[in-house]
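# An overview of the molecular structure
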Amino acid sequence: MKRVFTGITELYTPKERLEQAAFAVQDGRFVWVGAASNLPSEYRSWPRTDLGGRGVVPGLVDAHTHLVYGGDRLGEYLQRARGESYEDILAAGGGIYATVQATHATSEDELYEQARARAHLFLAQGVTTLEIKSGYGLLPEAELKMLRVIRRLGETLPQRVFPTLLAHVIPKGWARGEYLEMFCQELIPEVARTGLAGAVDVFCDQGAFTLGEARKILEAALSHGLKIKLHAEQIAHTGATRLAAELGALSADHLEQSTPEDWQALAQRGTIGTVLPGAAVILRKPFPNVRAMWDAGVRVAIATDHNPGSSPLFSPWLGMQLAISLGRLSAEEALIAHTENAALALGRADLGRVEVGAVADFVVLDSRRALEGLYRWGHCPLWGVFVGGVNNPA
Ligand code: NIG
Ligand code: FE
């Protein structure tokens, strides 16, 4: 497939801003990007799509989601809105445990259908790449069931899907040591053998896994050739961010309670710091100091953390807007954080950017201005969402 795209008034690559731009796509990748007036003659005879003077940004990358789950937690949301805490609800056996029960009670086909519908809502908003975690199964067979759903999503959705095995909480009725042994000795090897996940994540926090337990799980993952990530410093400060940096994790995510020492560790190791504005704001936690993190040299990513509990957020645009208003990023930085930096949190330097060699995933705004979607709150006017150079009508 060969095609040239012209008629782009404003293009964010995202680091550079080009005016009156054009690009050429061959076999799903950008082969030329630049000012339309410089389009080399060899591309002039290619089939052409005129984007009508609209603005273009890279396809958005959502590098932290829990898109597969049964049931919902509206009741808990209302309880929290009245002032009950997420931590107390979890400690009382609700929260994540409620979703575990609902996920167990939902068939594999139904989980797939529900997650597919959610993924389409994300696609319609320009999300061309999704990381999706397991973690509401807990028991080995139920975790594998979730990962099979995620694999099927990857095979059938237009989007690129990155599956992650998540050690979320200890299931009721299991001794901690027993669960840890099962997770490290059985589940991780099985997932590595079958290729059902490319990475392992641990919820290292109060009410979930300790720092020592997280280290064991992540070391087991590394020994099986899997990449690693961490849910770090969301509720309590545990040292998980520094563990992520020490072990060379792709990312440390949440960071509501993180410190300047944590940011230094991330910056030095090149581990991405992923902030999740939905979870911070919806749980009424301190908003991570994104400005200071960025200035400390951390490569910051933004993700929705979509899940039925802490972040029933469907809008990457709102996540970026919160990072601008409460985290004090510039709009241009927020876009970088939800595109190329988010792709790095998945270990990919060829996603989330419009440049030669990158995959041709891009979003066409229904506006001449490429950053219109960050300006309008609650309504993002998109004209097209292209994956591998192909438009996906929503
Ligand atoms: O990223 N913090 C832990 N895990 C998820 C929330 C899961 C849930 O509440 O169901 C998160 O916020
Ligand atoms: Fe999460």
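What you are looking at is a predicted structure, and each value in this text was computed from that prediction instead of being measured.

Turning our eyes to something else, we now look at the overall build of the chain. Each helix and strand in the chain was counted, giving 15 helices and 15 strands. Against the compact-globule benchmark of 21 Å for 394 residues, the chain has a radius of gyration of 21 Å, which places it among compact chains. Sequence separation of 24 or more characterises 69% of the internal contacts of the chain that already satisfy a separation of 6 or more.

Right, let's talk about the site of ligand 1 for a bit. Around ligand 1 there are 14 residues in total, and I96, A279, N307, G309 and S310 lie nearest to it. Grouping the constituent residues of the shell around ligand 1 by class yields four nonpolar, nine polar and one charged.

Interpretation of this model should avoid reading the predicted coordinates in detail wherever pLDDT is low. When pLDDT is averaged along the chain, the result is 98; 99% of the residues meet or exceed 70. Predicted complex metrics record ipTM = 0.96 and pTM = 0.98.

Quick look at the nonpolar core now. Grouped together as the largest cluster of nonpolar side chains are 123 residues, with contacts concentrated most on I217, L230 and A323. Residue assignment places this core across two domains, with domain 1 (2-58 + 353-391) and domain 2 (60-344) each supplying three or more.

With 17 residues, helix 4 (residues 108-124) extends 24 Å from end C-alpha to end C-alpha; this agrees with the ideal 24 Å at 1.5 Å per step. Close packing links the buried residues of helix 4 with strand 5 (60-62), helix 3 (96-104), strand 6 (127-133), helix 5 (140-156) and strand 14 (382-387). G126 sits one or two positions beyond helix 4 and adopts a positive phi of about 100°.

Below, the discussion takes up helix 6 (residues 176-194). Helix length check: helix 6, at 19 residues, gives a terminal C-alpha distance of 26 Å against a target of 27 Å (1.5 Å per residue), a fit within 8%. Largest kink in helix 6: about 35°, centred on F183. When helix 6 is considered as a whole, its buried residues turn out to be Y179, F183, C184, L187, I188 and V191. Those residues of helix 6 hidden inside the fold are in contact with helix 5, strand 7 (160-167), strand 8 (199-204) and helix 7 (211-223). Positioned one or two residues after helix 6, G195 has a phi angle of 70°, which is positive.

About the cut-offs
- What you see as residue numbers is a count from 1 along each chain, following the sequence as written.
- The naming scheme follows written order: chains are lettered A onward, ligands numbered 1 onward.
- Reporting of local features is limited, given that this is a predicted model, to residues whose pLDDT is at least 70; pairs of side-chain atoms are given and counted only at 80 or more, and all residues count toward the totals for whole chains, interfaces and linings.
- Here a strand is any run of E in DSSP of at least two residues, a helix any run of H or I of at least four, and the numbering for each starts at the N terminus.
- Radius of gyration here is computed from C-alpha atoms only, and the compact-globule reference equals 2.2 Å multiplied by the residue count raised to the power 0.38.
- For every residue pair, C-beta atoms are placed from the backbone, and the pair is scored as a contact if these atoms sit within 7 Å.
- Should the C-beta atom of a residue, placed from the backbone, lie within 6 Å of a molecule or strand, that residue is near it.
- The classification used treats Ala, Val, Leu, Ile, Met, Phe, Trp, Tyr, Cys and Pro as nonpolar, Asp, Glu, Lys and Arg as charged, and all other residues, Gly among them, as polar.
- Across the chain, each position has a pLDDT score giving the predictor's confidence in that residue, from 0 to 100.
- In this usage, the nonpolar core is the set of buried Ala, Val, Leu, Ile, Met, Phe, Trp, Tyr and Cys residues whose C-beta atoms join them within 7 Å.
- Buried residues are those with 20 or more other C-beta atoms within 10 Å of their own C-beta, exposed residues have 12 or fewer, and partly exposed residues lie in between; C-beta atoms are placed from the backbone.
- Marked domain ranges trace back to an automatic or database domain assignment.
- One less than the residue count of a helix, multiplied by 1.5 Å, gives the span that helix is expected to have.
- At every residue, the bend is computed as the angle between two fitted axes, covering the seven residues ending there and the seven beginning there respectively.

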